[in-house]
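Chain by chain, the residues run as shown.
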Amino acid sequence: MFTRRLFLGAISAAALLASGFSAAAQDKMYIALISKGFQHQFWQAVKAGADKAAAELGVEVTFEGPDNETMVDRQIDMLSAALAKKPAAIGFAALDSQAAIPLLKQADEAGIPIIAFDSGVDSDIPKATAATDNLAAAALAADKMAELIGGSGKVAVVAHDQTSRTGIDRVEGFQKQVEEKYPDIEIVTVQYGGGDHLKSTEITKSILQANPDLKGIFGANEGSAIGVVNGVREMNRTDVVVIGYDSGAQQKQAIKDGLMAGAITQNPVGIGYETVKAAVAAAKGEPVQKEIDTGFYYYDKNNMDDPEIAAVLYD
Amino acid sequence: MSTAEAAPRPGLAARLFATGAHQRLLAFASLIILLVGFSLASPNFMQMSNIIAILQATSVNGVLAVAATLVIITGGIDLSVGTLMTFCAVIAGVVLTYWGMPLPLGILAAIAAGALCGLTSGTFIAKMKIPPFIATLGMMLMLKGLSLVISGTRPIYFNDTPGFTEIASGSLIGAAIPALPIPNGVLILFLVAIGASYILGRTVLGRYTFALGSNEEAVRLSGVNVDAWKMAVYALAGGICGIAGLLIASRLNSAQPALGLGYELEAIAAVVIGGTSLAGGRGTILGTLIGALIMSVLTNGLRILSVTQEWQTVVTGAIIILAVYIDMMRRRRTV
């Protein structure tokens, strides 16, 4: 029978320990953040930003996300558990915004403000959305490209897809900036490789084959950018200026090796920080800005070790 | 503690150890302890809305675990339950959204697809003699791939079939008793569990399910068509996965083709916590149901207490080890 007693003992000890936890947590304002992921370095950086804001503003923050970005139902379960805790506000990065709407409505009816982060929710329930301004970030990529190729010549874009918000905005931001500011630069083609390294490599090779005088390529997300680097290397066209997006070990290495001129990085720490800040303001009934630009940076060999940049890069 | 020590004290406890009821009682007791513990620890835990959230979170894993229980009792294993669930959800999406067929046909198609895939696994195992682990591992991957192919790697939404979300999220009980808005998904879980319990306890199929797990050779030698019965069990389990597919698709109002990997392990964990032996021949649906509830109460409760996610995973793993250890202890006593 000792096992049963041991088991009971362990459970009650855990319960006591847990009650200690929640007792300590009750005096502070509580904000629940439900993200798209948890283990990935990008999300850990978002969490770091959220924790920083929590410490500064004296609130309690929890951060949770499913094991991978396919687990839509698990994210919904996390959202309903968060609702049960009666938080002052919820930060939410929807994996599938349609699936979450019933719960978001429930939160709205309970008077719990929702702040969307990383990507928007197709609904007017969120009080604010804290995300990267992808249009502006891609425009910065265009500026850097123009600078590096001397303001004229042919360039191409390899992007991840035509359907996601980030895919659309990054291509559009780059194209518009080139059209408006650099009349001597011609975008010969925009191709989509689904963010797949290998597919993006093949696309890059065929673009280089078709345009021997190409001066630069913009890879619009991590997978596309790695593909572009591979393609350029396999075709032995290292004279082509490559600009990437986001970070990751491979992309950082390509920049160190000089295969990639530089890349745009989002500011995941800023996303977490601004989400918590907006959530606290919304919970207090203060007005919040509807669209919060969490910022972005251009990094290259020269500044990638600066503390400000290094903090937002991940492997 | 050894058998020799336990033998001289044949009290109520010893009688419980001697019968299969003990493990279920213990699992049930742990469930109650968890519920009480979490209620004491947080005032937000024991509330109608949260209890419903827990039940709803159990519904999909519970149905998958029932399917896994049937297969595990035969001494087999089914690793494909998670991706089969997704495959059936995608089939429902194709039939309802792409082809615009009426709701009952979509439901039928999903369950039939599940049964057919189960039958296929059963054929690999019974006729081609591929070990269940390998056969269902292969099925798991094939079904994951097929779900992505058929859906074009995009989620399929059910916006054109208004009644579809009612399958899991509507509440027939709530319509009758407004104070008890238990979602239909939970009702379906209980119906599936009752049905499976009936099959296991009262039908020939059930008797052969246990017999296959205890001593397949003896069953074969007594002239029973072992292959056919085995295939029937896998087909039944597949059909139940089809029901799980409908539940998850209804809850998300979409068939998410990339979902499903990893769900098989959670289903198997629920089965094991519920006292079903992975060696076959022994197990109950009630135990599995309690096992699935323990898992979701634990996850929900730890979340409510704001335990960090890293530690939630550690605790869940420890509970599985503990549950199986207690099961082993019991078996050592009863030998």
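Residues numbered from 1 in each chain as written. Chains lettered and ligands numbered in written order. Predicted model: local features only at pLDDT ≥ 70, side-chain atom pairs only at ≥ 80, totals over all residues.

**Focus on the overall build of chain B**
- Secondary structure assignment for chain B yields 15 helices and two strands.
- For 335 residues, the compact-globule formula gives about 20 Å, and the C-alpha radius of gyration of chain B, at 20 Å, lands near that figure.
- Oriented by its inertia axes, the alpha-carbon framework of chain B measures out at about 70 × 60 × 40 Å.
- Expressed as a percentage of the 335 residues in chain B, the buried residues total 51%.
- Restricting to contacts in chain B with at least 6 residues of sequence separation, those with at least 24 account for 77%. (Helix = DSSP H or I, 4+ residues; strand = E, 2+ residues; numbered from the N terminus. Rg over C-alpha atoms; globule rule 2.2 N^0.38 Å. Buried ≥ 20, exposed ≤ 12 C-beta atoms within 10 Å, placed from the backbone. Contact = placed C-beta atoms within 7 Å.)

**Regarding the overall build of chain A**
- Assigned secondary structure in chain A consists of eleven helices and twelve strands.
- For the C-alpha atoms alone, the extent of chain A along its principal axes is close to 75 × 50 × 35 Å.
- Put simply, chain A has 315 residues, and 53% of those count as buried.
- Taking the intrachain contacts of chain A between residues at least 6 apart in sequence as the baseline, contacts between residues at least 24 apart amount to 73%.

**Here's the deal with the nonpolar core**
- Of all hydrophobic cores here, the largest spans 203 residues; its most connected members are V63(B), L64(B) and A92(B).
- Top element by residues in this core is helix α12 (residues 226-252) of chain B. It accounts for 17 residues.
- Each of domain 1 (28-132 + 268-295) and domain 2 (134-266) of chain A gives at least three residues to this core.
- When residues no more than four places from it in sequence are discounted, the contact partners of V63(B) are L189(B), V192(B), I240(B), I243(B), A244(B) and L247(B). (Core = buried A, V, L, I, M, F, W, Y, C linked by C-beta atoms within 7 Å. Domains from an automatic or database assignment.)

**A look at the domain arrangement of chain A**
Residue and element names in this part refer to chain A.
- Considered domain by domain, chain A is made up of domain 1 (28-132 + 268-295) and domain 2 (134-266).
- Between the C-alpha centres of domain 1 and domain 2 the distance comes to 31 Å.
- Of the residues assigned to the side of domain 1 that touches domain 2, the class counts are one nonpolar, three polar and no charged. (Nonpolar A, V, L, I, M, F, W, Y, C, P; charged D, E, K, R; others polar.)

**Description of unusual backbone geometry**
Residues and elements named next belong to chain A.
- For N236, which is not a glycine, the phi torsion comes out positive at approximately 60°.
- With respect to the element layout, N236 can be found in the loop between α8 (222-234) and β9 (241-245).
- With phi around 70°, D246 is a residue other than glycine that occupies positive phi space.
- Locating D246 in the fold gives a position in the loop between β9 and α9 (249-256).

**Quick look at the sheet that holds strand β11 (residues 291-293) of chain A**
All names here are of chain A.
- The six strands are arranged β2-β1-β3-β4-β5-β11 in an open sheet whose pairing can be described as parallel. Only two strands of the sheet have a single partner each, and these edge strands are β2 (60-64) and β11. Pairs of neighbouring strands in the sheet enclose a mean axial angle of 20°, with direction left out of account.
- Sheet topology note: the strand β1 (residues 30-34)/strand β3 (residues 89-92) ladder contains four bridges and is parallel. Paired with A32 across the two strands is I90, which belongs to β3.
- Each of β1 and β2 touches helix α2 (residues 41-57); the most contacted strand, β2, lies at about 170° to it.
- Of the strands in this sheet, β1, β2 and β3 touch helix α3 (residues 72-84), which is tilted by about 175° from β1. (Pairing = 2+ DSSP bridges. Axes fitted to C-alpha atoms, helices over the stretch in contact; angles between N-to-C directions.)

**Description of helix α10 (residues 268-283) of chain A**
- If you check α10(A), its first and last C-alpha atoms are 23 Å apart, about what 16 residues at 1.5 Å a residue would give, namely 22 Å.
- Most of α10(A) sits inside the fold, with 15 of its 16 residues counted as buried. (Expected span 1.5 Å × (residues − 1).)

**Re the environment of G242(B)**
Residue and element names in this part refer to chain B.
- Within the secondary structure, G242 is located in helix α12.
- According to the C-beta neighbour criterion, G242 is buried, with 31 such atoms within 10 Å.
- In sequence terms G242 and A27 are 215 residues apart; their C-alpha atoms lie 28 Å from each other.
- Ignoring any residue separated from it by four or fewer positions in sequence, one finds G242 in contact with C88, A110, I111, A113, G114 and A115.

**Considering the pairing of strand β6 (residues 153-159) of chain A**
Residue and element names in this part refer to chain A.
- With respect to burial, β6 is a largely interior element, five of its seven residues being buried.
- By the bridge criterion, seven bridges tie β6 to strand β7 (residues 185-192) in an arrangement that is parallel. What sits directly across from G153, in β7, is I185.

**Here we look at the sheet that holds β9(A)**
All names here are of chain A.
- Across the sheet, six strands lie side by side as β7-β6-β8-β9-β10-β12; this open sheet has mixed pairing. The strands lining the two open edges of the sheet, one partner per strand, are β7 and β12 (296-300). Across this sheet, the average inter-strand angle for adjacent strands is 20°, counted without regard to direction.
- Taken together, the five bridges between strand β10 (residues 262-266) and β12 define a ladder with antiparallel strand orientation. Paired with I264 across the bridge in β12 is Y298.
- Where helix α6 (residues 165-181) meets the sheet, its contacts fall on β6, β7, β8 (214-219) and β9, and the angle it forms with β6 comes to roughly 170°.

**Quick notes on the environment of I130(B)**
Residues and elements named next belong to chain B.
- In this fold, I130 is placed in the loop between α6 (103-126) and α7 (132-151).
- Looking at I130, the number of C-beta atoms within 10 Å reads 16, which means it is partly exposed.
- Linking I130 and L261, residues 131 residues apart in sequence, is a C-alpha distance of 22 Å.
- Dropping the residues within four chain positions of it, I130 is found in contact with F124, I125 and A135.

**Points about the packing of helix α5 (residues 81-98) of chain B against α7(B)**
Residues and elements named next belong to chain B.
- At a minimum axis distance of 8 Å, the contact between α5 and α7 shows a crossing angle of 25°. For the element pair α5 / α7, the angle class is roughly parallel. Judged by the twist between their axes, the crossing of α5 over α7 is left-handed. Contacts between α5 and α7 involve T83, L84, T86, F87, V90, G93 and V94 from the former and M140, L143, K144, L146, S147, I150 and S151 from the latter.
- Of the residues contributing to the contact of α5 with α7, the split by class is eight nonpolar, five polar and one charged. (Parallel < 35°, antiparallel > 145°, perpendicular 65-115°, else oblique. Left-handed = near helix turned anticlockwise from the far one by under 90°.)

**What about the pairing of β3(A)?**
Residue and element names in this part refer to chain A.
- Burial along β3 is two-sided: A89 and G91 facing one way and I90 and F92 facing the other are all buried.
- Across three bridges, the pairing between β3 and strand β4 (residues 114-117) is parallel. Directly across from I90, in β4, lies its bridge partner I114.
- Traced from β3 through helix α4 (residues 97-109) to β4, the parallel crossover comes out right-handed. (Right-handed = clockwise from strand over helix to strand, strands pointing away.)

**So, the confidence of the model for chain A**
- In this model, chain A carries a mean pLDDT of 87, and residues with pLDDT of at least 70 account for 91%.
- For residues 15-25 of chain A, every residue scores under 50 in pLDDT, and the model assigns this stretch 16 contacts once sequence neighbours within four places are set aside. (pLDDT = per-residue confidence, 0-100.)

**Some remarks on the packing of α3(A) against helix α14 (residues 285-304) of chain B**
- Here α3(A) crosses α14(B) at 50°, and the two axes come no closer than 9 Å. Between α3(A) and α14(B), the angle is such that the two are oblique. Helix-helix and strand crossings are classified by hand; for α3(A) and α14(B) the assignment is right-handed. Here α3(A) contributes M78(A), A81(A) and A84(A) to the contact with α14(B), which in turn contributes N300(B), R303(B) and I304(B).
- Grouping the constituent residues of the contact of α3(A) with α14(B) by class yields four nonpolar, one polar and one charged.

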